[in-house]
Amino acid sequence: MIDIRYLRTDPDAALAALERRADAEIESLVDRAIEADRRRRELLGEVEALKQRRNETSREIGERKQRGEPADELMTAMKSVAERIRGFDGELSLVEEELQATLLQIPNFPDPRVPAGGEGEFEIVAEWGTPRPAVESDEPHWEIGSSLGLLDLERGAKIAGSGFPVLTGAGARLNRALIQFMLDLHTTEFGYLEVAPPFVVNRESLQGTGQLPKFEDDQYRTVPDDLFLVPTAEVPLTNLHRDEILDGLDLPLAYVAYTPCFRREAGAAGRDTRGLLRVHQFDKVELVRFTHPDDSSDQLELLTRHAETVLERLELPYRRILLPAGDLGFANAITYDLEVWSPGVERWLEVSSCSSYTDFQARRAGIRFRDQDSGKPQFVHTLNGSGVALARTLVALLESRREADGSVSIPDALRPYAGFDRLSVS
RNA sequence: GGAGGAGUGGCCGAGUGGCUAAAGGCGGCGCCCUGCUAAGGCGUUGGGUGGAAACACCCACCAGGGUUCGAAUCCCUGCUCCUCCGCCA
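Residues numbered from 1 in each chain as written. Chains lettered and ligands numbered in written order. Predicted model: local features only at pLDDT ≥ 70, side-chain atom pairs only at ≥ 80, totals over all residues. Heavy atoms only, no water.

### Quick notes on the pattern of salt bridges
Phase 1: Per the counting criterion, the structure on display carries 36 salt bridges.
Phase 2: Here Arg 32 ties to Glu 98 by a salt bridge, and the two come within 3.2 Å at their closest N and O atoms. Of this pair, Arg 32 sits in helix H3 (residues 26-66) while Glu 98 is found in helix H4 (residues 72-103), placing the two residues 66 residues apart along the sequence.
Phase 3: Given a relative accessible area of 33%, Glu 98 falls into the partly exposed group. (Salt bridge = Lys/Arg side-chain N within 4 Å of Asp/Glu carboxyl O. Helix = DSSP H or I, 4+ residues; strand = E, 2+ residues; numbered from the N terminus. Buried < 20%, exposed > 50% of the residue type's maximum accessible area, 1.4 Å probe, protein only.)

Here's what the structure looks like:
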């Protein structure tokens, strides 16, 4: 969440920055937060004065009793003070709840580098490789997958529902090979610590990373235990250090995890529904970094390069785009998306999203570090990026490496993991 | 699931109703001492409100309620961890 002190000291600047997101709700949320904060400090002043009196008098009572002197009239007087404190405390906790609930709904400030505009008005930052020109024999991945026996969407729909694909045979193997390849790359070449986290998380964790309270409808929730299926490994990884004070010398910390990702995609019904383009469950290897605030810009470039390296090793042409303010995620300050070209569906597919959350998640989740110079705890910056997301990477691989005879060649880097060089119709 | 035990500051660990915000130790940071290192000395080491600052006050002993003029300390509920038993991949 954002810092109430910034909102208090420079509300105009804060509001101007937030309004770049073009979210109609923001202004009234900001007003509510400022008012709740004002009321909170007002009440705090009154209740603290009363508590000071109570503390002083109680000490006096203790001293008198020790000396064997009577203190009855002080004790009687304090009864009404205690009553008034109870009243103020009750009011105060209501106001604090209101403040907290409001702040939790206010999105992060966009980084100044983020361009203005809504969805589609991104900046292309970098391009790698040359997308293969379309040819007559191009087919979408659901055709390729079914003729090569890799993919079974109908049976997935039968056993779970639409959007829960089944991979079979070489398709399942290829999927697993990709996961293994990515984990090995990030751990051995880029120094990430591999983590195998829980695939379900509690409410506090989802609140820490920003999915709750605003986006509960997008999550799969398990009913008796109130646990949520992870929408991304970002949630368990970032929450590894929730409510902790890290040693500043340990920064940056870098973690990588494979998890399946579960997304209800509420409100996205009908969009990109064919094949594997938008599904309720997919596999992903996720990178998370905890950094010093001064270092987070450089760390984002580094992390994005790690994700890009995956695509380069897989020989998949891609572009890096910088998302505009209107298309930025709730908790994100700046986001690069990596998109690969997929000739079968003739589209750029988002396979990675690399972001800095500045101190927004850290403040929600209480992730701090002790600064060497000041000795004071301060919030870290959290970053994460897909490194990379699977279903769509598999799509791009199949569609872009398919040859006229219907076979698909496996990129060199993946061959040791796949155990085969080519997929052919048997 | 059943039976016990335990949760104190960055860490370890005292403390059972009032000079205890918390002894003692470790670690971190600052200063002093010092040819260098080690040792030693002093201070500091959670959050909030007000203040330019010095500083003042409030809160904070797992969490939330309660008793009391006053709670780390007493009562209730919850959570987590540990031990034993049962079940189980």
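### As for the domain arrangement of chain A
Phase 1: We note that the domain assignment places domain 1 (4-103) and domain 2 (123-423) within chain A.
Phase 2: On a C-alpha basis, the centroid separation for the pair domain 1 and domain 2 is 43 Å.
Phase 3: Each partner contributes residues to the interface: domain 1 has 4 residues there, and domain 2 has 7 residues.
Phase 4: Together domain 1 and domain 2 conceal approximately 450 Å² of surface at their shared face, both sides included; 32% is due to carbon and sulfur atoms.
Phase 5: Counting the contacts that link domain 1 with domain 2 gives 1 salt bridge.
Phase 6: Residue Lys 214 pairs with Glu 25 through a salt bridge whose shortest N-O separation is 3.6 Å.
Phase 7: Viewed at the interface, domain 2 and domain 1 are joined by 4 residue pairs in polar contact (both at pLDDT 80 or more).
Phase 8: Class assignment of the residues belonging to the side of domain 1 that touches domain 2 gives a composition of no nonpolar, no polar and 4 charged. (Domains from an automatic or database assignment. Contact = heavy atoms within 4.5 Å. Buried area = accessible area lost by both parts, 1.4 Å probe. Polar contact = N/O pair within 3.5 Å; in protein donor to acceptor, adjacent residues only side chain to side chain. Nonpolar A, V, L, I, M, F, W, Y, C, P; charged D, E, K, R; others polar.)

### Remarks on the protein's contact with RNA strand B
Phase 1: In the region of RNA strand B, 23 residues are neighbours, and Arg 8, Arg 41, Ser 58, Ile 61 and Met 75 sit closest.
Phase 2: For RNA strand B, the fraction of atoms within 4 Å of the protein that belong to sugar or phosphate moieties is 74%.
Phase 3: Contact distances for RNA strand B include 3.1 Å between a sugar or linking oxygen and a side-chain N or O atom of Arg 40.
Phase 4: Ser 58 places a main-chain nitrogen or oxygen 2.9 Å from a base nitrogen of RNA strand B.
Phase 5: When residues of the surface near RNA strand B are traced back to their parent elements, those giving at least two are helix H1 (4-9), H3, H4 and strand E14 (367-370).
Phase 6: The leading source of residues in the surface near RNA strand B is H3, at 12 residues. (Near = heavy atom within 4 Å.)

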